[in-house]
Amino acid sequence: MMVPDLGSRSITFEAVADVERPVGQLLLGFALLDHQLDFWLMAIFDVARKHNLASKMPHLVGDKIGLLVKCFTHLAEYSKHQHQALMLLKQADELNSIRNTIVHGALSHFGADPEPMLIFARLRYSKGHGIHLLKDEGLTFAQINSAASRVNDVVAEMHAISQDLHRQ
């Protein structure tokens with residue numbers, strides 16, 4: 001889809017209405033996903049620090065995922081969950097990318113060619129230049145719906161691992 005310049009963009013009420021529910025589901029589910037990352041870190045962080053994999057507790061989702069990938073890759077204590085945890089962390093990273101596009105972008109355009117898609121403008125402010133377009137990111141309705149339906153399954157699988165990690 002060709003994205004028009006900023007002054008020529010439009011979004012319909014119908015397009016917004018079509019994604020309100022899946023976006024809400026994704027954002028609420030993502031809060032639970034972030035909570036599970038914290039649960040994993042509460043169980044793993046001290047071991048990671050002792051093995052020099054971390055010096056401080058991460059706070060950003062991407063940093064949490066990065067540290068947990070290192071832990072499940074390098075720490076024998078968690079090899080029992082390595083395969084499933086790494087798969088879930090990859091999915092969490094993909095969901096984080098979709099969530100960031102929605103949350104940190106300004107919904108600026110709707111297009112339906114070749115399939116229904118929303119364009120989010122990532123804006124930045126810089127002193128002396130004001131607000132400028134950093135980049136455009138597009139998400140199809142299918143991507144948003146898929147993420148909304150997957151997030152709860154990822155959280156449930158993470159929760160099962162959390163319970164085991166906290167028993168160790």
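Remember, predicted model here, so these are calculated numbers, not experimental data. (Residues numbered from 1 in each chain as written. Predicted model: local features only at pLDDT ≥ 70, side-chain atom pairs only at ≥ 80, totals over all residues. Heavy atoms only, no water.)

**Looking at the side chain of Gln 36**
Step number 1: Among the secondary structure elements, Gln 36 is positioned in helix H1 (residues 13–50).
Step number 2: Take Gln 36: its relative accessible area is 6%, and that puts it in the buried class.
Step number 3: Other than its neighbours up to four places away in sequence, Gln 36 contacts Val 155, Met 158, His 159 and Ser 162. (Helix = DSSP H or I, 4+ residues; strand = E, 2+ residues; numbered from the N terminus. Buried < 20%, exposed > 50% of the residue type's maximum accessible area, 1.4 Å probe, protein only. Contact = heavy atoms within 4.5 Å.)

**Some remarks on the packing of H1 against helix H4 (residues 141–167)**
Two measures define how a pair of helices packs: the angle their axes make with one another and the distance between the axes.
Step number 1: One way to put it is that H1 packs onto H4 with a least axis distance of 8 Å and a crossing angle of 20°. Compared by their axis directions, H1 and H4 come out roughly parallel. Here H1 runs over H4; the crossing is left-handed.
Step number 2: Partitioning the contact of H1 with H4 into residue classes produces 24 nonpolar, eight polar and one charged. (Axes fitted to C-alpha atoms, helices over the stretch in contact; angles between N-to-C directions. Parallel < 35°, antiparallel > 145°, perpendicular 65-115°, else oblique. Left-handed = near helix turned anticlockwise from the far one by under 90°. Nonpolar A, V, L, I, M, F, W, Y, C, P; charged D, E, K, R; others polar.)

**Examining the pattern of salt bridges**
Step number 1: As enumerated under the stated definition, the model contains nine salt bridges in all.
Step number 2: The salt bridge partner of Arg 49 is Asp 46, with a shortest N-O separation of 2.8 Å. Of this pair, Arg 49 and Asp 46 both sit in helix H1, three residues apart, which is roughly one turn of that helix.
Step number 3: The exposure class of Arg 49 is partly exposed, given its relative accessible area of 40%. (Salt bridge = Lys/Arg side-chain N within 4 Å of Asp/Glu carboxyl O.)

**Overview of the nonpolar core**
Step number 1: Among the nonpolar cores identified, the biggest contains 42 residues, and Leu 33, Trp 40 and Phe 72 are the most heavily contacted of them.
Step number 2: Of all the secondary-structure elements, those providing two or more residues to this core are H1, helix H2 (61–74), helix H3 (82–104), strand S2 (117–126) and H4.
Step number 3: Ranked by residue count, the leading element in this core is H1, at twelve residues.
Step number 4: Residues contacting Phe 72, with those up to four places away along its chain left out, are Trp 40, Ile 44, Tyr 78, His 81, Gln 82, Ala 85, Leu 86, Leu 89 and Leu 165. (Core = buried A, V, L, I, M, F, W, Y, C linked by side-chain atoms within 4.5 Å.)

**A word on the packing of aromatic side chains**
Step number 1: Scanning the model with the defined rule gives three aromatic pairs in all.
Step number 2: On the basis of an interplanar angle of 65° and a centroid distance of 5.3 Å, the ring pair of Trp 40 and Phe 72 is categorised as edge-to-face. Of this pair, Trp 40 sits in helix H1 while Phe 72 sits in helix H2, placing them 32 residues apart in sequence. Comparing Trp 40 with Phe 72, the two get one shared label, buried.
Step number 3: Through pairs of rings, three or more aromatic residues link up here, namely Trp 40, Phe 72 and Tyr 78. (Phe/Tyr/Trp six-rings, centres within 6.5 Å; stacked < 30°, edge-to-face > 60°.)

**Topic: the sheet that holds strand S3 (residues 130–140)**
Strand pairing in a sheet relies on backbone hydrogen bonds. The paired strands run either parallel or antiparallel.
Step number 1: Across the sheet, which stays open at both edges, the three strands sit in the order S1-S2-S3 with antiparallel pairing between neighbours. What marks the edges here is a single partner per strand, and that holds for strand S1 (106–111) and S3. Taken over all neighbouring pairs, the strand axes of this sheet differ in orientation by 25° on average, direction set aside.
Step number 2: With five bridges connecting them, S1 and S2 associate as antiparallel partners. What sits directly across from Phe 110, in S2, is Leu 118.
Step number 3: Lying over the sheet, H3 contacts S1, S2 and S3, oriented at roughly 65° with respect to S2. (Pairing = 2+ DSSP bridges.)

**With respect to H2**
Step number 1: In a regular helix each residue adds 1.5 Å, so 14 residues correspond to 20 Å; H2 covers 20 Å between its end C-alpha atoms and thus fits that length.
Step number 2: Buried residues in H2 make contact with H1, H3 and H4. (Expected span 1.5 Å × (residues − 1).)

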